[in-house]
Amino acid sequence: MRKKVLIALVGLACFALTGCDAGGSGQGNNNSYVNEEDDMDNNVIQMTDEEKKILCSIYVNEDRINEGKLYDYQLEALNQFRSANDYLDAKYPGYDFEYFAFSPISKTSDVTKLEFTIDDTENYFTAQLIVEDDEYVITDNLAGYLLSPAYEKMLEEKFKTAGLDKFYVNARISGFYGKEVDANTSMDDIFSLGKSMKRDVEVYVDMPFEDETKKSEVVKTVEEEIRALNIYGAHSVYFVPGIMDECSSGDECLEYRKKNRLNFIQFNTFDL
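Residues numbered from 1 in each chain as written. Predicted model: local features only at pLDDT ≥ 70, side-chain atom pairs only at ≥ 80, totals over all residues. Heavy atoms only, no water.

1. Focus: the sheet that holds strand β8 (residues 234-239)
Line of reasoning, step 1. Strand order in this open sheet of four strands is β6-β7-β8-β9, and the pairing throughout is mixed. Here the strands that pair on one side only, and so sit at the sheet edges, are β6 (167-171) and β9 (263-268). Averaged over all pairs of adjacent strands, the angle between strand axes in this sheet comes to 15°, irrespective of strand direction.
Line of reasoning, step 2. In terms of strand pairing, strand β7 (residues 201-205) meets β8 through four bridges, oriented parallel. Looking across to β8, one finds that Y204 is bridged to Y238.
Line of reasoning, step 3. Relative to the sheet, helix α5 (residues 142-161) contacts β6 and β7, its axis offset from that of β6 by approximately 145°.
Line of reasoning, step 4. Each of β6, β7 and β8 touches helix α9 (residues 250-259); the most contacted strand, β6, lies at about 85° to it. (Pairing = 2+ DSSP bridges. Helix = DSSP H or I, 4+ residues; strand = E, 2+ residues; numbered from the N terminus. Axes fitted to C-alpha atoms, helices over the stretch in contact; angles between N-to-C directions. Contact = heavy atoms within 4.5 Å.)

So, in structure tokens, the structure goes:
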């Protein structure tokens, strides 16, 4: 079993001293507090050290938590964490998750959030859980990050075939998706999702902005290819003389854009 390291957890304490309702009764857990202290003494919940640490980070009765004596809303929070953890393990086998924030459903939020990183990446991701018809529905935004390199490569090949020269592409698949979109989802399946998946595209072209004729041709080519692929979103074409010398990838172009004012033309495909 893979080792998961918890660096820090920040959650909603739910006013645990007063035994507030954590909301969302998913998977048959009820939130009745009648004689709950007696019930806690008679029902000890077995937990891992990590699970105890998680609950202790967001509730104040640490001694009882470490003894496995949980209020109903704490048990509900534990079940939410376990479900989100199991979901990520099943959806992304082979990855190591490092959790750094957990916020369970409460009176002020109807969404549980489990925030994490994977392996050695510096990027942060979130698994979200809601309750629908007493069932947990879980989505995450990791899949888009894992699919983006293949997505960018495919776009580069399409643009080259269409005649574009000396350019970089920065494109990201964003949004939260359930098990229907994972690290192995094909590009054909990605494009079949249409407007349900927003996929903005940035193209950085090594040419002067002042060349009106060539500029119009480049934008037309990019837009035609994006529309042919049914890519829904807002897209930008940047014209930067010498960009191929300044950068070596689309990611570097993005960082370059953040530090410099660049000329660009934008269009959208919201009509798809």
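2. Concerning the packing of helix α2 (residues 49-58) against helix α4 (residues 72-91)
Line of reasoning, step 1. Two elements in contact, α2 and α4, have axes whose closest approach is 11 Å; the angle formed by their N-to-C orientations is 125°. Taken as axis vectors, α2 and α4 run oblique relative to one another. Note on packing geometry: the crossing formed by α2 with α4 is right-handed. Mapping the contact onto sequence places E50, E51, I54 and L55 in α2 and Q74, A77, L78, F81 and R82 in α4.
Line of reasoning, step 2. Residue classes in the contact of α2 with α4 are distributed as five nonpolar, one polar and three charged. (Parallel < 35°, antiparallel > 145°, perpendicular 65-115°, else oblique. Left-handed = near helix turned anticlockwise from the far one by under 90°. Nonpolar A, V, L, I, M, F, W, Y, C, P; charged D, E, K, R; others polar.)

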